[in-house]
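This is what each chain is made of:
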Amino acid sequence: MKDKYLAPFYFFTAFYYITYTPFWDYPPATLTAALVKVLPIWSLVLYVKLNNYSNTAEIGNLKIFFVNFFQVSDYSKFILVGLLFSSLGDAFLISRYTLFIPGMIAFAFAHAFYMHAMPPGHIESRFTQICFLCGVDVYLFISSGIQSVFMHTIVVIYTFLIFLVGWKALTNFEKARNVSNLASAIGIVLFIFSDFIIAVDKWKFSVPFSQCIVMTSYYASQYFLALSTGSSLKIYE
């Protein structure tokens, strides 16, 4: 694993926590805060690209590097695009009231790309019923706080999508227990947890330190998804 490519992620994550101290409150709805918030995800995009770049001699040639930006493996390509849509969702959710729906839509596209990156799931897996029941339970739990039919519809679609991605990640790890599949499964489970805290805090009751819990689990989820693209992780069965 090329750890040096992860250094920007560690730096920008620490910079976000130091600058906006999400332990106590949400960051201000400003362009600067949105930029600082998305920098850790952009650094993971760069990590995925660099960690899968076949010609290291051309990394210094920025023109060639960016022209060939999406010339990575299919799995890495879809994870990379998913990270880009996630960063867009991050930027929208800096204004968590007025831009909440655009943020959900951006993250829905991210999950669609994550799902497309993964091999087909296995319907006979024990995780099929677990993911289905968890998805239904989560929706029923938060639905009482949702007022509009439109928002109910969006939440149903989003909940179905994220648990479908979780099902694919878990069943793939169940079938092929390699480190790459483990990383993607951990990443998606953390993503579900992060979104669950957002939903509870928005529609049920105030969650203490919610912003800190959400961002910590969210950054960790994207970190593991990015790690799953590393070829050196696919090493054991």
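Residues numbered from 1 in each chain as written. Predicted model: local features only at pLDDT ≥ 70, side-chain atom pairs only at ≥ 80, totals over all residues. Heavy atoms only, no water.

S.K.: I'd like a description of the pattern of salt bridges, backed by residues and values.
M.R.: Using the criterion set out here, one finds one salt bridge in the structure. Close ionic contact of Arg126 with Glu174 constitutes a salt bridge, the shortest N to O distance being 3.2 Å. Of the two residues, Arg126 sits in the loop between helix 5 (100-117) and helix 6 (127-143) while Glu174 sits in helix 7 (residues 149-175), which places them 48 residues apart along the sequence. In this structure Arg126 comes out as exposed when scored by relative accessible area, which is 54%. (Salt bridge = Lys/Arg side-chain N within 4 Å of Asp/Glu carboxyl O. Helix = DSSP H or I, 4+ residues; strand = E, 2+ residues; numbered from the N terminus. Buried < 20%, exposed > 50% of the residue type's maximum accessible area, 1.4 Å probe, protein only.)

S.K.: Would you mind going over unusual backbone geometry in detail, with residue names and values included?
M.R.: A positive phi is found at Phe209, a non-glycine position, where the angle reads about 55°. Along the chain, Phe209 falls in the loop between helix 8 (179-203) and helix 9 (210-227).

S.K.: Which residues make up the packing of helix 8 against helix 9, and what are the values?
M.R.: A pair of packed helices can be characterised by two numbers: the angle between their axes and the separation between those axes. At a minimum axis distance of 7 Å, the contact between helix 8 and helix 9 shows a crossing angle of 160°. By the criterion of interaxial angle, the relationship of helix 8 to helix 9 is roughly antiparallel. Judged by the twist between their axes, the crossing of helix 8 over helix 9 is left-handed. Across the interface between the two elements, Ala183, Ser184, Ile186, Gly187, Ile188, Leu190, Phe191, Phe193, Ser194, Ile197, Ile198 and Asp201 of helix 8 pack against Ser210, Ile213, Val214, Ser217, Tyr218, Ala220, Ser221, Gln222, Phe224 and Leu225 of helix 9. Looking at side-chain class alone, the contact of helix 8 with helix 9 contains 14 nonpolar, seven polar and one charged residues. (Axes fitted to C-alpha atoms, helices over the stretch in contact; angles between N-to-C directions. Parallel < 35°, antiparallel > 145°, perpendicular 65-115°, else oblique. Left-handed = near helix turned anticlockwise from the far one by under 90°. Contact = heavy atoms within 4.5 Å. Nonpolar A, V, L, I, M, F, W, Y, C, P; charged D, E, K, R; others polar.)

S.K.: Let's hear about helix 4 (residues 74-93): which residues, and what values?
M.R.: At 3.6 residues per turn, the α-helix brings residues three or four places apart onto the same side. Between its first and last C-alpha, helix 4 extends 29 Å over 20 residues, near the 28 Å set by a 1.5 Å rise per residue. Where helix 4 is buried, its residues meet helix 2 (31-51), helix 5, helix 8 and helix 9. (Expected span 1.5 Å × (residues − 1).)

S.K.: So, the packing of helix 1 (residues 7-20) against helix 9: which residues are in play, and what are the values?
M.R.: Look at helix 1 against helix 9: their axes get within 12 Å of each other, and the N-to-C directions meet at 170°. Judged on the interaxial angle alone, helix 9 and helix 1 are roughly antiparallel. Between helix 1 and helix 9, the contacting residues are Phe9, Tyr10, Thr13, Tyr16 and Tyr17 on the first element and Gln211, Cys212, Met215, Thr216, Tyr219 and Tyr223 on the second. Along the lines of polarity and charge, the residues of the contact of helix 1 with helix 9 split into eight nonpolar, three polar and no charged.

S.K.: Tell me about the UniProt feature "transmembrane region" (unreviewed entry) in the protein, and name the residues and values.
M.R.: As recorded in UniProt, the sites labelled "transmembrane region" (unreviewed entry) are residues 5-23, 29-50, 62-85, 97-115, 127-143, 149-170 and 182-200. Along residues 127-143, the helical share is 100% and the strand share 0%, with 24 Å between the first and last C-alpha atoms. Summarising residues 182-200: 100% helix, 0% strand, and an end-to-end C-alpha distance of 27 Å. (UniProt positions renumbered as here; feature names shortened; annotations may be inferred.)

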